[in-house]
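# Structural description and commentary
The residues making up each chain are set out below.
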Amino acid sequence: MENQLSGAEREVSGDGVTVAGPRRHDRGTAADAIIKLSRAHNAVMSRVHRDLAGPGLTFTQFAVLEVLFSRGPMCQKDIARKILSQSSGNMTVVIDHLEHRGLVEREKKPDDRRTNMVSLTLEGRRVIGEFLPHHLDVIAQEFAVLSPEELKTLAALLKRLGLAGKRPVKADSGDCIK
């Protein structure tokens, strides 16, 4: 059933999804939606994670390599923010493992020795560069059950759901933003 919105309530976002102000949904429907979202997430991520066994990576290790591959060297805190808010303590362990395998290296920032810049080694660049196209194909295959339009709509709805109630976060003075 389509929501009936007055002209004042109706607004179309940049991604073409109709947006309305806060509304209250039936608790049972909302609970059913969160269960389906959780089950779908777990099923898809389980299948996608299996693909990471090829190069012997965990999901978080893969995410670190991918963000460094696409964005270049970053400090650990920024990497943690980019890859779905991993704690910086956990990020240290993840980067330790990648460094031990020779896939990343750390370097102290000259202007702030408390901050480690992390970058890919040649081997890290080779591993992610060879594996990423295959992995993106695996991800695309997971969404093959949806039409291109359904996938765009899903992405827009998930973005809106994820941003709902999000407050702007102030950067603290210890940040390492380029």
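Placed above this text is the structure.
Report follows, based on the coordinates. In this text, all values refer to a predicted model and were calculated from it rather than measured experimentally. (Residues numbered from 1 in each chain as written. Predicted model: local features only at pLDDT ≥ 70, side-chain atom pairs only at ≥ 80, totals over all residues. Heavy atoms only, no water.)

### Comments concerning the pattern of salt bridges
Evaluation of the coordinates by the stated rule reveals seven salt bridges. The residue Glu-142 makes a salt bridge to Arg-47 at a minimum N-O spacing of 2.8 Å. With Glu-142 in helix H5 (residues 122-142) and Arg-47 in helix H1 (residues 27-51), this pair connects stretches of sequence that are 95 residues apart. The exposure class of Glu-142 is buried, given its relative accessible area of 18%. A salt bridge links Arg-126 to Glu-130, with the nearest nitrogen and oxygen atoms 2.9 Å apart. (Salt bridge = Lys/Arg side-chain N within 4 Å of Asp/Glu carboxyl O. Helix = DSSP H or I, 4+ residues; strand = E, 2+ residues; numbered from the N terminus. Buried < 20%, exposed > 50% of the residue type's maximum accessible area, 1.4 Å probe, protein only.)

### Focus on the pairing of strand S4 (residues 104-109)
Of the strand pairs in this sheet, S4 and strand S5 (residues 112-120) are connected by six bridges, and their pairing is antiparallel. The residue bridging Lys-109 from the neighbouring strand is Asp-112, located in S5. Turn length for the S4-S5 hairpin, with the two strands adjacent in sequence and antiparallel, is two residues. (Pairing = 2+ DSSP bridges.)

### Focus: the nonpolar core
Considering soluble globular proteins, one finds that nonpolar side chains tend to be buried as a cluster. Formed by 24 residues in total, the largest nonpolar core has its most connected members in Val-64, Leu-65, Leu-68, Ile-79, Leu-98 and Val-104. Looking at this core element by element, the count peaks at six residues for helix H2 (residues 59-71). When neighbours within four sequence positions are excluded, Val-64 is seen to be in contact with Ile-79, Ile-83, Met-91, Val-94, Ile-95 and Leu-98. (Core = buried A, V, L, I, M, F, W, Y, C linked by side-chain atoms within 4.5 Å. Contact = heavy atoms within 4.5 Å.)

### Describing the environment of His-134
Within the fold, His-134 resides in helix H5. A C-alpha to C-alpha distance of 9.1 Å links His-134 and Asp-51, two positions 83 residues apart in sequence. Within polar-contact distance, the side chain of His-134 engages the side chain of Asp-51 at 2.6 Å. (Polar contact = N/O pair within 3.5 Å; in protein donor to acceptor, adjacent residues only side chain to side chain.)

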